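# A structural walkthrough
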Amino acid sequence: MSTTEQEYTPIQETGVGKKAAGPVGWLDDRLGLAGVAKKNLRKVFPEHWSFMLGEIALWSFVVLLLTGVFLTFWYQPSMTEVEYTGSYLPFNGLEMSNAYKSTLDISFDIRGGLLMRQIHHWAAALFVAAMIVHMLRVMFTGAYRKPREINWLIGIGLLVLGIIEGFAGYSLPDDLLSGTGLRFVDGLVRSIPLVGSYVEFFIFGGEFPGDIIIPRLYMAHILLIPALLLGLIGAHMLLLIYHKHTQWAGPGRTEKNVVGYPMLPVYAAKAGGFFFVVFGFLAVMGAVLQINPIWAYGPYNPSEVTAGSQPDWYMGFVEGAVRVFPNWESNIFGWTFSWNVFIPGMILPGLFLTVGVLWPFIEQWITGDKREHHLLERPRNAPFRTSFIVAAMTAYGVLWIGGGNDIIATKFHLSLNAITWFVRIGFFVLPVVTFMITKRICIGLQRADANRILHGYETGVIERSPDGGFSERHAPLPVGDQYTLTARDRRPAIEAPAETDKNGVAAPHGRKAKIQAWLHKRYYNGMIDKPTVEDVHHAEEHLAEHDGHPVELGDEFQGVSETGVPRVH
């Protein structure tokens, strides 16, 4: 019997396994889940730090559910005016909505209430942030490519619902800051041409603010949106298991396998532990970092606005777009069209969303690549896509600056008008600049990879030639590194479409194919192909030659550091 067999004990033969056999068998007789569980609980998941981003979003959502249940015990979703008589003495005797009063009570009179409120708010911010970063990772690495397009759309749906859920929760305290945010949204809704006022009356039950928006947002916040989020998260996870997890290229990793750990026991134990890490991190943030101190703002009053009001960070780009957009308004047949609100507040976010939804299909059409992909792509190996994402991030960041233009002007003693013009110009110019810079960096990194494959790595060994010259000796990369650097597709060829058929008649869809060919060329423009097999073999033969060198490096030699100390390559 081998050593491995001696150390391994099947779970059914352990003490726990024998005790659980009876109940498990009873359940399997009635539910028949053993077959499904046996297959899926051995599902293999790869390991890489970037895969934790999705887990952070998932565990943040669990924390939101747990802390949210606690808050529902005491929160009152009512806009009925009451007199405050709680522990926060500056507000004693002040008229306010029941929603605001109950939030003050949670903060000052319920044991652990303020801590739960703050954990809940931090978890909401982390939930949205983790989803955005996770989706950026998916975009940068091409993980949305066939067959994961539907899962990408589910991710977009989760992000949109997460933002709406966050905004709904942000509005529930009915303090001056959240009321200002609601008024901002009311303005966006009213700016919709022709039907804006009707939509506003539908949402608010009359003119803003009315007295039913808080109860409506509350029901959406604790029932409707969480139910949709749970359903989409379930669908996301099922598709993740069905498609198998993507993985980074490396030795032994192909499009047809997954290298990693099984769901049970390794991955489940690590994921479970990671939940407590996320929960602990949020608890520490809730305990030591104050967020949304509603008592500092006071109850909402439509005739007042908080100086320096800022929305939650994920809504900042919309606020910035509205602040810097020119004051365009039209009056046609007695109807006022507020383009200065409608375009930046409704059209622009819709444009961001539409591009995100359609991107996998647009890229597939441009590249003509309809194959399945389970290996992730290094961002440098898709220069156009990487540059496009960076350009979009730049536009998003510029609008953020616009959203905080008053704070920036105050803190840094700058002109508010100068900042506004910087954002207006920068929104169009800076994405182009960052696109070009990013693309050049990607192509430069591709060249560096090709050089490493063909010329090996620098050993740190300095040699002197018979004519007195000095040079550094190079050695071939380890085979595993060579495989990792070359595990990508070669640039596909696409032929220019024929403009006419054999009879000289204009070919159908000729213009569409011509556009596709032009975009294909632009997409791959400047991209460096990986070296061919012949190039690699030739380079290996060259690097293996040590004629004229005093010693052979040997297979285990991995170079030396700048100080001459052997190092691990």
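The protein chain appears in an unreviewed UniProt entry as Cytochrome bc1 complex cytochrome b subunit from Aeromicrobium chenweiae.

### Observations regarding the packing of aromatic side chains
On inspection of all chains with the given rule, the structure shows 29 aromatic pairs. On the numbers, 4.6 Å between centres and 15° between planes, the contact of Phe45 with Tyr267 is stacked. Of this pair, Phe45 sits in strand β1 (residues 44–45) while Tyr267 sits in helix α11 (residues 263–288); the two residues are 222 residues apart in sequence, bridging distant segments of the chain. Both residues of the pair, Phe45 and Tyr267, count as buried. Look at Phe208 and Tyr300: their rings are 6.2 Å apart centre to centre, the planes differ by 70°, and that puts the pair in the edge-to-face class. Pair noted here: Phe208 is in the loop between α9 (196–204) and α10 (213–243) and Tyr300 is in the loop between α11 and α12 (316–324), with a separation of 92 residues, a long-range link. No difference in accessibility class separates Phe208 from Tyr300, as the two residues are buried. Over the aromatic face of Trp421 sits the side chain of Arg424, whose NZ or CZ is 4.7 Å from the ring centroid.

### Looking at the pattern of salt bridges
Applying the stated rule across the entire model yields 13 salt bridges. Measuring nitrogen to oxygen at the nearest pair gives 3.9 Å for the salt bridge that ties Asp529 to Arg490. Taken together, the residues span a long stretch of sequence, with Asp529 in the loop between α18 (510–524) and α19 (533–544) and Arg490 in the loop between α17 (479–486) and α18 at a distance of 39 residues. According to the relative accessible area criterion, Asp529 is partly exposed, its value standing at 30%.

### Thoughts on the pairing of strand β8 (residues 470–475)
In this structure, strand β7 (residues 457–464) lies alongside β8, joined through 5 bridges in antiparallel fashion. Following the sheet pairing, Glu463 is matched in β8 by Ser471. Between β7 and the antiparallel strand that follows it, β8, lie 5 residues; Gly468 among them carries a positive phi value of about 95°.

What counts, and where the lines are drawn
Residues numbered from 1 in each chain as written. Predicted model: local features only at pLDDT ≥ 70, side-chain atom pairs only at ≥ 80, totals over all residues. Heavy atoms only, no water. Phe/Tyr/Trp six-rings, centres within 6.5 Å; stacked < 30°, edge-to-face > 60°. Helix = DSSP H or I, 4+ residues; strand = E, 2+ residues; numbered from the N terminus. Buried < 20%, exposed > 50% of the residue type's maximum accessible area, 1.4 Å probe, protein only. Lys NZ or Arg CZ within 6 Å of the ring centre and 35° of its normal. Salt bridge = Lys/Arg side-chain N within 4 Å of Asp/Glu carboxyl O. Pairing = 2+ DSSP bridges.

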